[in-house]
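Chain by chain, the residues:
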Amino acid sequence: MLNFNPKFLRRELLPILGNLKFAIALLLIIALFSVSGTVIEQGETLDFYQQNYPEHPALFGFLTYKVLLLAGLNHVYSTWWFLALLILFGTSLTVCTFTRQLPMLKVAKRWHYYTKPQSFNKLALSTELVGRSLDQIAPVLTKFGYAVFQENDQLYARKGLVGRIGPILVHASMLLILLGAIWGALAGFIGQEMIPSGQTFSIKNVTEAGIWSHIPKTWSVKVNRFWIEYTPSGAIDQFYSDLSVLDNKSGQELDRQTIYVNKPLRYDGITFYQANWDIAAVRFTLNASPVLQLPMTALQAKGTNNKVWGAWLPTKPDLSAGVTLITPDLQGTLLIYDEKGNLVSTVRAGGSTEVNGVTLTIKELVGSTGLQIKSDPGIPIAYTGFGLLMLGVIMSYVSHSQIWVLKSGNSLYIGGKTNRALVGFESEMIQIIESLPNPVLSLG
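What you are looking at is a predicted structure, and each value in this text was computed from that prediction instead of being measured.

Q: Teacher, can you tell me more about the packing of aromatic side chains here?
A: Centre-to-centre distance and the angle between the planes together describe a pair of aromatic rings. Scanning the entire structure with this criterion turns up 17 aromatic pairs. Ring geometry for Y77 and F82: centres 5.6 Å apart, planes at 80°, overall edge-to-face. With a relative accessible area of 5%, F82 lands in the buried category. Where W227 meets Y240, the ring centres are 5.3 Å apart and the plane angle is 15°; that geometry is what we call stacked. Linking W227 in strand β7 (residues 219-230) with Y240 in strand β8 (residues 236-247), this pair joins segments that are 13 residues apart in sequence. The same class applies to W227 as to Y240, namely buried. Site record: aromatic cluster; members linked through ring pairs are Y114, F120, F149, Y156, W404 and Y413. One cation-aromatic arrangement involves R225 over W227; the distance from NZ or CZ to the ring centre is 4.3 Å.

Here you go:
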């Protein structure tokens, strides 16, 4: 049976955890793996990693898809070792706060008086005034924003105590950021869906999920319409999805928004981002037939980044003849090729053409919206931490200044020190002294 030794914790472990160099080393390691999570694509399929990180030749001579998957570099931010690093760094910050920052604040809140003139020699700035009293300097110090404590012939004044609180707030804010990151990894999820216009879907294609994540089952989302706006030159300007959130029991519309890039839909703690698009199908008629729908497949020529969508359309009931439909976008223009690969016609949505003795009428191209779905309950905690971090950094720049005054005989000894902005503090000391009537100045 192992015995817990509090002396070991206090004398050996806590000094290591609270060591500044140890904390900086942890922070650098976390930053390094965070960069790797940015450089290496996260949450992709096995085929993707096999194609982009092959065994021969291995990237940098060692980084293959097997190494990448084994180390969890395909989902860095939710791996056990990354979360362990965050917890260890948070523990180090906590120990540093309680063993260093809080005691420093406690010391700063205390005050003591100088009882001997010789004590002023150890201060960075000191002076001796003749024929002045404490009653003359106390109101001046109050005017300059100092809190004044006086007892008999001794006086102590301070201001800028908030500057000592700033580092503690910085530590607390970083702990909140770490807590938000850990909670988001454990309770959040990321999903992707490619949904044709007019269809309703529930979140199923989850690529990454924490052990405490909750995927909603009581509501679903309908893609009312997906469309793309093009520039006059034919380039994509923006793509839009008109989405409705529907109650699964009643079918009632709970929310409806049109989303586009950088303008997502947020509902019930889940965010739907417009991330991609596709062409799902073409709707058409042959002669006087009912409206038919044929799925379209994305095609890409080797060695190029150009993508088109195609479908083979039979023009005879026995499938012995047909044509190939090709379109490069959702603007509605279709190229029609015969069985030999010759271009025989072009037609736009709403138009008709004769092919193989039948009248082909194109009704519409059906687009699919690519949605990235994300739930991260740790974001409010992390944002609160970032806000406190900025406040703490600002507070940390406030100088903590202290002034001591001693009345001894006919002389008034004044001295002070500050933790930063020494030149400004010296200027303030001179202004305080000059605010007294006819001082006799002797700088020490």
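Q: Is there a simple way to explain the layout of surface pockets in this structure?
A: Empty space among the atoms becomes apparent when a probe as large as a water molecule is rolled across them. Space inside the largest pocket adds up to approximately 930 Å³. Together, 38 residues line the largest pocket, and Y77, A181, A185, K374 and D376 are the ones closest to its centre. Class assignment for the residues of the lining of the largest pocket results in 20 nonpolar, 14 polar and 4 charged.

Q: Would you explain the nonpolar core in this entry?
A: Across soluble globular proteins, nonpolar side chains have a tendency to be buried as a group. In this structure, W277, V282 and L360 are the most contacted members of the largest nonpolar core, which totals 25 residues. Elements represented by at least two residues in this core include exactly β7, β11 (270-286), β14 (307-314), β15 (322-327), β16 (333-337) and β19 (358-375). The element contributing the most residues to this core is β11, with 5 residues. Counting residues in hydrophobic clusters, the runner-up holds 22 residues, among them I30, L63, L85 and I182.

Q: What am I meant to see in the pairing of β7 here?
A: A regular strand carries its side chains on alternate faces of the sheet. Relative to β7, strand β5 (residues 200-201) runs antiparallel, the two being bridged by 2 bridges. Looking across to β7, one finds that F201 is bridged to V221. Relative to β8, β7 runs antiparallel, the two being bridged by 11 bridges. In the sheet register, K222 faces β8, and the bridge partner there is S244.

Q: Explanation requested: the sheet that holds strand β2 (residues 147-151) in the structure shown.
A: Pairing between sheet strands relies on hydrogen bonds along the backbone, with the strands arranged either parallel or antiparallel. Spatial strand order, β1-β21-β20-β3-β2: 5 strands in an open sheet with antiparallel pairing. Every other strand in the sheet has two partners, leaving β1 (125-130) and β2 as the edge strands with one partner each. Averaged over all neighbouring strand pairs, the angle between strand axes comes to 15°, with direction disregarded. As defined by bridge partners, β1 adjoins strand β21 (residues 411-418) across 6 bridges and the pair is classed as antiparallel. Paired with E128 across the strands is Y413, a residue of β21. Here helix α9 (residues 422-434) sits on the sheet in contact with β1, β3 (154-159), β20 (401-408) and β21, set at roughly 155° to β21.

Rules and cut-offs
- Residues numbered from 1 in each chain as written.
- Predicted model: local features only at pLDDT ≥ 70, side-chain atom pairs only at ≥ 80, totals over all residues.
- Heavy atoms only, no water.
- Phe/Tyr/Trp six-rings, centres within 6.5 Å; stacked < 30°, edge-to-face > 60°.
- Buried < 20%, exposed > 50% of the residue type's maximum accessible area, 1.4 Å probe, protein only.
- Helix = DSSP H or I, 4+ residues; strand = E, 2+ residues; numbered from the N terminus.
- Lys NZ or Arg CZ within 6 Å of the ring centre and 35° of its normal.
- 1 Å grid on protein atoms, 1.4 Å probe; cavity = no way out; pocket = protein on both sides within 12 Å on 5 of 7 lines; lining within 4 Å.
- Points joined across faces, edges and corners; volume = space filled by probe spheres on them.
- Nonpolar A, V, L, I, M, F, W, Y, C, P; charged D, E, K, R; others polar.
- Core = buried A, V, L, I, M, F, W, Y, C linked by side-chain atoms within 4.5 Å.
- Pairing = 2+ DSSP bridges.
- Axes fitted to C-alpha atoms, helices over the stretch in contact; angles between N-to-C directions.
- Contact = heavy atoms within 4.5 Å.

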